[in-house]
Amino acid sequence: MIEFAVETTPQGIAVVRPQGRLNMAAARRLKEVLDGLVGDGRNRIVVDMEETTFLDSSGLGALIAGLKSARQAGGDLRVARPTEAVRTVFSLTNLDRVLKPRDTVEDAFDD
Amino acid sequence: MGLRLWVIRIVVLVTAILGINYVVWRWLASVNWDAWWIAVPLVVAETYSLVDSLLFGLTMWRCRDRGEPPEPEPDLTVDVLIATYNEPIDLVMRTARAAAAIHYPHRTWVLDDGARPEMKAAAEAEGIGWITRSEDWSGKARHAKAGNLNNALLMTDGEFLLILDADQVPLPEILDRTLGYFRDPRMALVQTPQWFENVPADDPLGSQAPLFYGPIQQGKDGWNAAFFCGSNAVIRREALMQLGVSRYAGEVEAGVRRALRTARSVLRRARKDLTGDDQMVRAALDAIEFDLRRAQQELDAGEALMDVTYRFQQRVAAVRREMVAADLTALESDLAAIAELDDLAGDGVGLDLDALDKLSAREYSPLGAVETVQALIEAVDVDLGGEAQPIMPMATISVTEDMATCMRIHGLGWRTAYHDEVLAHGLAPEDLATMLTQRLRWAQGTMQVMLRENPLVQRRLTWPQRLMYFSTMWSYLSGFAAIVYLAAPIVYLTLGILPVQALSTEFFIRLVPFLVVNQLLFFIVADGRPTWRGQQYSLALFPTWIRSVTSAVGNVVFGRSLDFAVTPKTKQESDRRPWHLVRPQLWAIVALVLAAVIGVVRMSTGHANVPGTLFNIVWVGFDLAIFSVIIKAVRYRGFDPAAEQPPSIIRARRGAA
């Protein structure tokens, strides 16, 4: 079962780490985690994907839904440290045109 | 390759050669230009029929019988989804119980778009899941069945989805017989036939589609273009979600670019109205315009959209805070215009980008302009035009979501399969009114796809795939040809005007062999399946087909409503025979009979020649045979099981494919 570790940086940015396979079975839980953060007023979110071994289109769907919630609340969602497998899925669906993964968690909100 | 396919190919080739030979000769050497008003429509109608025949031949060229399906892999996760809106609870539960009893392990869900508490209670009492629209949909475009499925997609998580209409009762082996095809990792969808158990053997309403759910789908399958038909199909979730995500990416990009352009013209107008002493405001507008230009450049340079719009929004917010102090006066009237942005999502076909242009045409105060710019960008980058879900895998461009969705899945490079075995028993309409509504809806949906996403220009489809989709659309244009085929013999018999130069030997030598091989092709392809009913309805429902085209053009081009109606699944009680529904056809029958009488009188009084009259009377006879089905349909009183043989005979034959 996939785990979602959540922590908050000193700048008040929430970091979510999906550990394992982010597939259709896990997508809804990720969406709930993201919605929960936004509901708590933590609307600047980084999804750190270094330990995400697999990502499918349902996982992408959850990221997009989280992006929508965060932006509607005036914040943003950034994706950081994608593995090669994750990058491939981003480019396959052209989602990299919309959402560019960042190289580090620390710099994800630097611009 | 089997002998049967070789025979089919030879007959296809001969049909094509004879057909082209005939129609080319018709255009070049035999049109009676003096009577162009009937001669030209006739030769155009004949050309239409030739193209129809050529497309049919192309379909049959690679007719593919898949035979026994592969064994499914064990431990796949499957959700069985039963879509319902307002069908009676009993009818839905009959399907739901059968779905729960499917052998392969799965979960069963009733997708209740009516959000009926009694539906929920009935489903949950038997351990069947119940899903209705989430909060996200309130106040948003609902997109009918496509929206219902899109909603359920995000509430379930099986790897595969079996889609069923509320009146399609599945057999227990339906998943065992279809999941095996997904051993191919690129296989997205497996469609099985729609077959109806409440239809008498002579099928007065033409409910069964034995040619479509059989040779035609098998032919399309040969070109990797087997269609999704909305029910009785298994779909790979990943294919649908990939479609949803990649369409989201494409639509956001198109929307943001359009919004940036509109924003610049809004600003330009606001600046024109500035008086000379508004130095501070002018500087603010300059700053925003600079940012707009920069955003456009960043997009062109390949930066990610969300980064560009996020930065842009942050800067605009800063400028706006400065301006609020400077300009509070003219804000009120602009707020109304900004509110209009909420309506952009409009009437259900995604974001209406044209509506953005309307906003740029009105007058704004400087602050209003800035607010508008901000709202414009937000409307597209976050909300995607006010859709309930950013991801909409099932296409919403048409009232029949299945064909458009399938075409897009093919565009992504996935495969589909048609498995020719009846694995669900459906209920067909039992009265003419319901049947006509249903046919109209299918035809309208197909026309909407043709007008909105013409398959011929879809670059990601192979040419045969484009033609397979186009072929189905083309066949719905038959209503116009039918009118000409009715008018031509009537014109000759009553007025003596011949649309061809002469009914010469040459004419018959070219026409008759073509007609014969064309029917031979049907006969071979059908392989014992009845095809006459289908041929009758393709001409006899001409008012429905014509209305589908005009209403779809009205909808897509002029934004009018389709008068969309959900097909009722229960019989509409009425004792009166519904002659009023087929008035145009009845007039046609009267006109044909009168014309034949007049023709005979003219011939026997020496006013018309004998072969010409006889030929046209044969033609009238053919037209009457076609239209006789209308009388049969009106007189049909619904299905009487006692009068029928058990349907197992048909099932066994088709199952043994």
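Per chain, residues are indexed from 1 in the order of the written sequence. In the order they appear in the text, chains get letters beginning with A and ligands get numbers beginning with 1. It should be noted that, the model being predicted, local features are given only for residues of pLDDT at least 70 and side-chain atom pairs only at 80 or more, the latter also being counted only at that level, while totals for whole chains, interfaces and linings use all residues.

**So, the UniProt feature "transmembrane region" (unreviewed entry) in chain B**
Residues and elements named next belong to chain B.
Now for step 1: UniProt positions are given in the numbering used here, feature names are shortened, and annotations may be inferred rather than shown by experiment. When the UniProt feature table is mapped onto this chain, "transmembrane region" (unreviewed entry) is found at residues 7-29, 35-58, 467-495, 507-526, 586-604 and 610-631.
Now for step 2: Measuring from the first to the last C-alpha atom of residues 7-29 gives 32 Å, for a span that is 100% helix and 0% strand.
Now for step 3: Where helices and strands are cited, they refer to DSSP runs of H or I of at least four residues and of E of at least two residues respectively, numbered from the N terminus. With 93% helix and 0% strand, residues 467-495 has end C-alpha atoms that lie 40 Å from one another.

**Describing helix H6 (residues 212-222) of chain B**
At 3.6 residues per turn, the α-helix brings residues three or four places apart onto the same side.
Residue and element names in this part refer to chain B.
Now for step 1: Counting buried residues along H6, ten of its eleven residues qualify, which places the element largely inside the surrounding structure.
Now for step 2: The exposure label follows from counting other C-beta atoms within 10 Å of a residue's C-beta, where the C-beta atoms are placed from the backbone and the thresholds are 20 or more for buried and 12 or fewer for exposed, leaving partly exposed in between. Among all positions of H6, only Tyr213, Gly214, Pro215, Ile216, Gln217, Gln218, Gly219, Lys220, Asp221 and Gly222 are buried.
Now for step 3: Here, residue contact means that the backbone-derived C-beta atoms of the two residues sit within 7 Å. Looking at the buried side of H6, the elements it contacts are helix H2 (36-61), strand E6 (187-191), strand E7 (195-196), strand E9 (415-418), helix H15 (463-475) and helix H17 (505-526).
Now for step 4: Downstream of H6 by a residue or two, Asn224 has a phi angle that is positive, lying close to 50 degrees.

**Comments concerning the nonpolar core**
Residues and elements named next belong to chain B.
Now for step 1: Among the nonpolar cores identified, the biggest contains 182 residues, and Leu81, Ile82, Leu162, Leu189 and Ile235 are the most heavily contacted of them.
Now for step 2: The dominant element in this core, judged by the number of residues it contributes, is helix H7 (residues 237-272), at 15 residues.
Now for step 3: Not counting residues up to four positions away in its chain, the partners in contact with Ile82 are Val92, Thr95, Ala96, Ala99, Trp109, Val110, Leu111, Leu164 and Ala166.
Now for step 4: Throughout this description, the term nonpolar core refers to a group of buried Ala, Val, Leu, Ile, Met, Phe, Trp, Tyr and Cys residues whose C-beta atoms join them within 7 Å. One finds Phe56, Leu521, Phe522 and Val525 within the second-largest nonpolar core, a separate group that totals 15 residues.

**Considerations on the pairing of strand E2 (residues 107-112) of chain B**
All names here are of chain B.
Now for step 1: The element E2 is largely enclosed, with a buried count of five among its six residues.
Now for step 2: In this structure, strand E1 (residues 78-84) lies alongside E2, joined through six bridges in parallel fashion. Paired with Ala83 across the strands is Leu111, a residue of E2.
Now for step 3: A clockwise path from the first strand over the helix to the second, with the strands pointing away from the viewer, defines a right-handed crossover. At this point the chain moves from E1, through helix H3 (residues 89-100), to the parallel E2, and the crossover so formed is right-handed. Two strands pair under a simple rule: DSSP has to find at least two bridges between them.

**Here's the deal with the sheet that holds strand E5 (residues 168-170) of chain B**
Residue and element names in this part refer to chain B.
Now for step 1: An order of E5-E10-E7 is seen for the three strands of this open sheet, with the pairing classed as mixed. Of all the strands in the sheet, the pair left with one neighbour each is E5 and E7.
Now for step 2: In this structure, E7 lies alongside strand E10 (residues 424-426), joined through two bridges in parallel fashion. Note that in E10 the partner of Trp195 across the bridge is His425.

**Observations regarding the interface of chain A and chain B**
Often, the extent of an interface is quoted as the loss of accessible area upon association of its parts.
Now for step 1: Each side of the interface is counted separately: chain A has 25 residues, and chain B has 23 residues.
Now for step 2: Only helix H1 (24-39) and helix H2 (57-72) of chain A provide two or more residues apiece to the side of chain A that touches chain B.
Now for step 3: No other element matches the ten residues that H2 of chain A contributes to the side of chain A that touches chain B.
Now for step 4: Under the scheme applied here, ten amino acids are nonpolar (Ala, Val, Leu, Ile, Met, Phe, Trp, Tyr, Cys and Pro), four are charged (Asp, Glu, Lys and Arg), and all others, including Gly, are polar. When its residues are assigned to classes, the side of chain A that touches chain B shows ten nonpolar, six polar and nine charged.

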